[in-house]
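Chain by chain, the residues run as shown.
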Amino acid sequence: MGRAVTVATCALNQWALDFEGNLERILRSIDIARSKGARYRLGPELEICGYGCSDHYYESDTLLHSFQVLEKLLESPTTQDIICDVGMPVLHRNVRYNCRVIFLNKKILLIRPKISLANAGNYRELRWFTPWSKARHVEEYFLPRIIQEVTGQETVPFGDAVLATKDTCLGTEICEELWAPNSPHIEMGLDGVEIFTNSSGSHHVLRKAHARVDLVNSATAKNGGIYILANQKGCDGDRLYYDGCAMISMNGETVAQGSQFSLNDVEVLVATLDLEDVRSYRAEISSRNLAASKVNPYPRIKVNFALSCPDDLAVPTCMPIQWRHHSPEEEISLGPACWLWDYLRRSKQAGFLLPLSGGIDSSATACIVYSMCHQVCLAVKNGNADVLADARRIVNDETYIPEDPQEFCRRVFTTCYMASENSSQDTCNRAKLLAEQIGSYHINLNIDAAVKAVVGIFNVVTGRTPRFSVYGGSSRENLALQNVQARIRMVLAYLFAQLTLWARGMPGGLLVLGSANVDESLRGYLTKYDCSSADINPIGGISKTDLKNFIHYCIENFQLTALRSIMSAPPTAELEPLVDGQVAQTDEEDMGMTYAELSMYGKLRKIAKAGPYSMFCKLINIWKEICTPREVAFKVKHFFRMYSVNRHKMTTLTPSYHAENYSPDDNRFDLRPFLYNTSWSWQFRCIDKQVSKLEKKEGISLVEDTD
């Protein structure tokens with residue numbers, strides 16, 4: 001009867017400008033889809049060149065090489081007898097578009113440009129592309145000669161159209177269009193499109209996956225239909241981790257779910273679905289049918305091909321499944337771990353070095369590396385030849401098989417405790433015990449000689465010797481002496497990263513890991529060019545609260561009992577002298593605010609778009625049970641003073657895994673000045689006036705109550 005269609009979608013670990021690798025992964029996904037009986041294959045957004053090309057999109061080379069890859073795809077026997085839907089940039093009439101190129105048997109059926117461009121947060125598509133603004137309009141696109149020679153076509157349709165096969169109708173969305181309030185699938189569904197496709201370049205954010213899944217399912221819940229979503233996965237060259245989650249939905253229910261985090265470069269989902277289920281679902285929605293009778297029709301590109309087989313009565317179809325979401329702690333364990341693996345193998349380095357202080361942040365970073373080692377061993381156990389080849393190259397052993405996470409961790413992970421006279425024995429012991437439990441190659445060293453040498457140079461030049469405040473020094477002296485220790489640790493971290501393996505008679509160098517969390521970066525509670533300066537930082541987009549929960553998760557799931565004492569100890573920088581051998585300095589006292597307060601400030605500043613006055617207005621209600629308006633005003637002012645004084649530090653912030661929507665990352669996500677008028681005189685005066693009004697009103701009400 002021709003009613004059961006078999007379609008495929010995929011999640012590919014593409015890499016910006018890696019045209020050869022991208023081509024291989026695309027072909028592999030098409031081959032898998034065909035082998036499972038699929039008649040249509042959907043791939044991620046801009047999969048040919050990789051999504052994260054940024055300003056390389058301006059280069060004609062990127063366009064040229066994309067068409068060269070398309071030529072290889074068209075010529076390949078792998079792409080025959082299956083509709084292939086691939087993504088690449090296309091220049092049409094001297095305007096650059098983000099496009100889907102849909103082809104079948106060496107013929108291009110349609111080039112569909114993106115209509116709604118992503119241009120917020122981490123996305124800057126309007127910088128490189130122009131949205132297609134001609135709804136339901138198709139033009140002729142003149143193909144490059146290298147493509148004409150393969151297809152025999154001089155021109156192909158370019159624009160907003162749908163495909164009409166022998167048995168159904170397909171319509172295309174590209175990433176952001178699903179999130180837009182006027183998504184194309186609404187009108188396409190009313191016009192009889194039964195299969196919607198979406199090619200995405202969507203990155204991981206903690207607790208975001210459910211929003212994407214809900215959008216896909218709701219797209220067909222109201223209007224009926226089949227929705228197929230493909231997404232990129234992995235680190236393609238920057239701070240983002242694209243988190244897969246390829247999926248297929250029908251009539252508001254998920255029927256196929258891809259993994260959110262894995263080390264598989266190619267993952268393909270295939271589903272067989274009954275078109276009659278879509279038609280019967282739509283039949284009883286009278287409001288939809290009334291709207292459909294008035295809709296403007298889309299141009300239809302006729303395709304002499306069917307997604308179903310004539311005799312398909314015995315073909316089993318897929319049933320709805322329940323989507324399984326990861327907990328935030330699982331997301332932290334898996335997402336940054338996969339990102340680190342991609343960065344390690346693609347940078348061709350031999351491992352990581354982490355300054356391990358014995359505190360929560362560096363310990364959480366160590367746990368993420370340990371989780372990465374678990375993922376590598378699991379992938380190899382499951383037969384992933386790519387991961388095995390990468391692991392062997394990294395450890396420089398062609399016969400090596402990673403089976404034990406601790407043993408693999410010792411080969412690729414070096415931890416280093418850098419003690420000073422201000423360090424406690426407790427933190428030293430905690431770092432050593434954690435290193436033993438995860439298996440890292442651990443180094444203990446003392447930086448006092450280097451600190452004294454640097455301070456000695458200052459003394460020779462100026463004749464003055466700075467002192468800590470507990471010994472009668474000024475606040476300037478106290479801060480400078482703390483910063484010297486912190487910066488020497490950064491210098492030593494890079495020295496040991498470059499030469500530790502050399503000293504051990506092993507090849508290669510190590511990537512230095514940073515471990516400043518998102519809240520400390522927001523507040524600027526870090527020394528510029530200290531150990532927060534590193535090659536990459538897997539926790540730079542994660543809050544202290546989430547990291548603490550992650551530590552609890554690691555205690556239970558990895559049996560890392562050393563973390564219990566780390567969790568119970570108050571966070572401290574250990575840069576000021578000990579008192580009776582005990583730590584006297586704590587982070588929250590230094591910052592003048594708690595980590596919970598910092599998370600609140602961060603979310604209000606970035607997500608709620610609140611300046612000082614708006615933040616005050618929101619917090620007097622949120623904190624009305626615990627703070628007076630005057631206390632709220634003091635806290636808000638203190639935060640904005642510290643934030644603005646330290647904003648310059650964000651310009652040199654180590655590239656960090658993006659995980660929170662209130663990240664202060666200055667590179668792309670959170671664009672702000674770094675030279676502020678830190679008095680905020682006008683804004684703070686508005687707050688003061690409001691406090692006076694509230695206190696006056698409170699005073700009147702108190703008198704009335706007394707009477």
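Residues numbered from 1 in each chain as written. Predicted model: local features only at pLDDT ≥ 70, side-chain atom pairs only at ≥ 80, totals over all residues. Heavy atoms only, no water.

### Considerations on the overall build of the protein
Reasoning step 1: Helix and strand counts for the protein stand at 24 helices and 20 strands.
Reasoning step 2: Taken over the C-alpha trace, the protein has a radius of gyration of 29 Å; the compact-globule value for 707 residues is 27 Å, and the two agree within 12%.
Reasoning step 3: Overall, the protein is about 90 × 85 × 50 Å in size when its C-alpha atoms are taken along their principal axes.
Reasoning step 4: For the protein, the proportion of its 707 residues judged to be buried stands at 58%. (Helix = DSSP H or I, 4+ residues; strand = E, 2+ residues; numbered from the N terminus. Rg over C-alpha atoms; globule rule 2.2 N^0.38 Å. Buried < 20%, exposed > 50% of the residue type's maximum accessible area, 1.4 Å probe, protein only.)

### Let's talk about the pattern of salt bridges
Reasoning step 1: One pass over the structure, following the stated rule, counts 37 salt bridges.
Reasoning step 2: The partner of Asp-665 in a salt bridge is Arg-239, and the shortest N-O contact between them spans 3.6 Å. With Asp-665 in the loop between α23 (629–646) and α24 (681–706) and Arg-239 in the loop between β11 (226–234) and β12 (242–243), this residue pair connects regions lying 426 residues apart in the sequence.
Reasoning step 3: Using a relative accessible area of 17% as the deciding quantity, one classes Arg-239 as buried.
Reasoning step 4: Among the ionic pairs, Arg-630 bridges to Glu-695, the shortest N-O distance being 2.7 Å. With Arg-630 in helix α23 and Glu-695 in helix α24, this pair connects stretches of sequence that are 65 residues apart. (Salt bridge = Lys/Arg side-chain N within 4 Å of Asp/Glu carboxyl O.)

### Concerning the packing of helix α11 (residues 360–381) against helix α13 (residues 405–412)
Reasoning step 1: Here α11 crosses α13 at 120 degrees, and the two axes come no closer than 9 Å. Relative to α13, α11 is oriented so that their crossing is right-handed. In this structure, α11 uses Tyr-370, Met-372, Cys-373, His-374, Val-376 and Cys-377 to contact α13, whose residues at the interface are Pro-405, Gln-406, Phe-408, Cys-409 and Val-412.
Reasoning step 2: The residue inventory of the contact of α11 with α13, partitioned by class, reads nine nonpolar, two polar and no charged. (Axes fitted to C-alpha atoms, helices over the stretch in contact; angles between N-to-C directions. Left-handed = near helix turned anticlockwise from the far one by under 90°. Contact = heavy atoms within 4.5 Å. Nonpolar A, V, L, I, M, F, W, Y, C, P; charged D, E, K, R; others polar.)

### Concerning the domain arrangement of the protein
Reasoning step 1: Each assigned domain of the protein is listed here: domain 1 (4–317), domain 2 (329–446 + 489–591) and domain 3 (592–706).
Reasoning step 2: One C-alpha centre belongs to domain 2, the other to domain 3; they are set 32 Å apart.
Reasoning step 3: Listed by partner, the interface residues are 34 residues for domain 2 and 28 residues for domain 3.
Reasoning step 4: Of all residues in domain 2, the largest losses of buried area upon contact with domain 3 belong to Leu-522, Arg-523 and Met-591, amounting jointly to 27% of the total for that side. (Domains from an automatic or database assignment. Buried area = accessible area lost by both parts, 1.4 Å probe.)

### Some words on the nonpolar core
Reasoning step 1: Counting residues in hydrophobic clusters, the biggest one holds 65 residues, and the most contacted among them are Trp-341, Phe-352, Met-372, Phe-408 and Phe-413.
Reasoning step 2: With 13 residues, the single largest contributor to this core is α11.
Reasoning step 3: There are two domains that each give this core at least three residues, and those are domain 1 (4–317) and domain 2 (329–446 + 489–591).
Reasoning step 4: For Trp-341, the contacting residues outside a window of four places in its chain are Leu-263, Met-372, Val-376, Val-387, Asp-390, Ala-391, Ile-394 and Phe-408.
Reasoning step 5: Ranked by size, the runner-up nonpolar core spans 48 residues in total, among them Ala-8, Leu-12, Tyr-57 and Tyr-141. (Core = buried A, V, L, I, M, F, W, Y, C linked by side-chain atoms within 4.5 Å.)

### Re the UniProt feature "domain: CN hydrolase" (unreviewed entry) in the protein
Reasoning step 1: Mapped onto this numbering, the UniProt entry annotates "domain: CN hydrolase" (unreviewed entry) at residues 5–275.
Reasoning step 2: Counted over residues 5–275, helix gives 25% and strand 34%. Its end C-alpha atoms are 7 Å apart. (UniProt positions renumbered as here; feature names shortened; annotations may be inferred.)

### So, the packing of α13 against helix α14 (residues 425–438)
Reasoning step 1: Two numbers describe how α13 lies on α14: the axes approach to 8 Å, and their chain directions differ by 115 degrees. Here α13 contributes Pro-405, Gln-406 and Cys-409 to the contact with α14, which in turn contributes Glu-436, Gln-437 and Ile-438.
Reasoning step 2: Residues belonging to the contact of α13 with α14 are distributed by class as follows: three nonpolar, two polar and one charged.

### A closer look at the environment of Ser-656
Reasoning step 1: Within the secondary structure layout, Ser-656 lies in the loop between α23 and α24.
Reasoning step 2: Exposure remark for Ser-656: the relative accessible area of 11% places this residue in the buried category.
Reasoning step 3: Between the alpha carbons of Ser-656 and Gln-482 there is a distance of 24 Å; along the sequence they are 174 residues apart.
Reasoning step 4: Ignoring any residue separated from it by four or fewer positions in sequence, one finds Ser-656 in contact with Arg-239, Trp-339, Asn-537, Gly-540 and Gly-541.
Reasoning step 5: There is a polar contact of 2.8 Å between the side chain of Ser-656 and the backbone oxygen of Thr-654. (Polar contact = N/O pair within 3.5 Å; in protein donor to acceptor, adjacent residues only side chain to side chain.)

### Let's talk about α11
Reasoning step 1: Counted at 1.5 Å a residue, the expected span for α11 with its 22 residues is 32 Å, and the 31 Å between its end C-alpha atoms agrees.
Reasoning step 2: Taken from the residues just after α11, Gly-383 is the one with a positive phi, measuring 90 degrees. (Expected span 1.5 Å × (residues − 1).)

### Notes on unusual backbone geometry
Reasoning step 1: Residues other than glycine seldom take positive phi values, yet Leu-46 does so here, at roughly 50 degrees.
Reasoning step 2: You can see Leu-46 is positioned in the loop between β2 (40–42) and α2 (60–75).
Reasoning step 3: For Leu-46, a relative accessible area of 0% gives the class buried.
Reasoning step 4: Positive phi, normally seen in glycine, also occurs at Cys-245, with a value near 60 degrees.
Reasoning step 5: Within the fold, Cys-245 resides in the loop between β12 and β13 (247–250).

### Here's the deal with the side chain of Glu-330
Reasoning step 1: Along the chain, the position of Glu-330 falls in helix α10 (residues 328–347).
Reasoning step 2: Within the structure, the side chain of Glu-330 is placed 3.1 Å from the side chain of Arg-324, a separation counted as a polar contact.

### Digging into the environment of Glu-173
Reasoning step 1: Summarising the element assignment, Glu-173 is placed in strand β9 (residues 169–174).
Reasoning step 2: Along the backbone, Glu-173 and Ile-228 are 55 residues apart, and their C-alpha atoms lie at a distance of 9.8 Å.
Reasoning step 3: Residues within four places of Glu-173 in sequence aside, it is in contact with Arg-112, Leu-178, Ser-183, Pro-184, His-185, Met-188, Thr-197, Asn-198, Ser-199 and Tyr-227.
Reasoning step 4: A distance of 2.3 Å separates polar atoms of two side chains, one belonging to Glu-173 and the other to Tyr-227.

### Points about a nonpolar patch on the surface
Reasoning step 1: Taken together, Ile-457, Val-460 and Val-461 make up a surface patch of nonpolar side chains, about 350 Å² in accessible area.
Reasoning step 2: Tracing the backbone through its elements, the reader meets Val-461 in helix α15 (residues 448–462). (Patch = residues over 30% accessible without salt bridge, like charges linked within 9 Å, V, L, I, M, F, W, Y side chains within 5 Å. Areas by Shrake-Rupley, 256 points an atom, 1.4 Å probe, with all protein chains shown as cover.)

### Brief notes about the sheet that holds strand β18 (residues 413–419)
Reasoning step 1: Pairing in this open sheet of four strands is parallel, and the strands run β19-β18-β17-β20 from one edge to the other. At either margin of the open sheet sits one strand with a lone partner, and together these are β19 (441–446) and β20 (511–512).
Reasoning step 2: With six bridges connecting them, β18 and β19 associate as parallel partners. Counterpart to Cys-416 in the pairing with β19 is Ile-443. (Pairing = 2+ DSSP bridges.)

### Quick word on the packing of aromatic side chains
Reasoning step 1: The final tally for this structure, using the stated rule, is 27 aromatic pairs.
Reasoning step 2: Their ring planes at 70 degrees and their centres at 5.4 Å tell us that Trp-132 and Phe-158 sit as a pair that is edge-to-face. On the criterion of sequence distance, the pair formed by Trp-132 in the loop between α3 (125–128) and β6 (138–142) and Phe-158 in strand β7 (residues 155–159) is long-range, its members being 26 residues apart.
Reasoning step 3: A relative accessible area of 4% places Trp-132 in the buried class.
Reasoning step 4: Its guanidinium or amino end placed over the ring of Tyr-298, Arg-136 lies 4.4 Å from that ring's centre, counting from NZ or CZ.
Reasoning step 5: Directly above the aromatic system of Phe-669 lies the positively charged group of Lys-606, at a separation of 4.5 Å from the ring centroid. (Phe/Tyr/Trp six-rings, centres within 6.5 Å; stacked < 30°, edge-to-face > 60°. Lys NZ or Arg CZ within 6 Å of the ring centre and 35° of its normal.)

### Description of the pairing of strand β4 (residues 95–104)
Reasoning step 1: Summarising burial for β4: nine of the 10 residues are buried, a large majority.
Reasoning step 2: In this structure, strand β3 (residues 83–92) lies alongside β4, joined through nine bridges in antiparallel fashion. Residue pairing in the sheet places Leu-91 in a bridge with Arg-96 of β4.
Reasoning step 3: Taking the residues that link successive antiparallel strands as the turn, the β3-β4 hairpin has two residues, and the phi of Arg-93 there is positive, at about 55 degrees.
Reasoning step 4: Both β4 and strand β5 (residues 107–113) contribute to a ladder of six bridges, which runs antiparallel. Counted as the bridge partner of Ile-102 is Leu-110 from β5.

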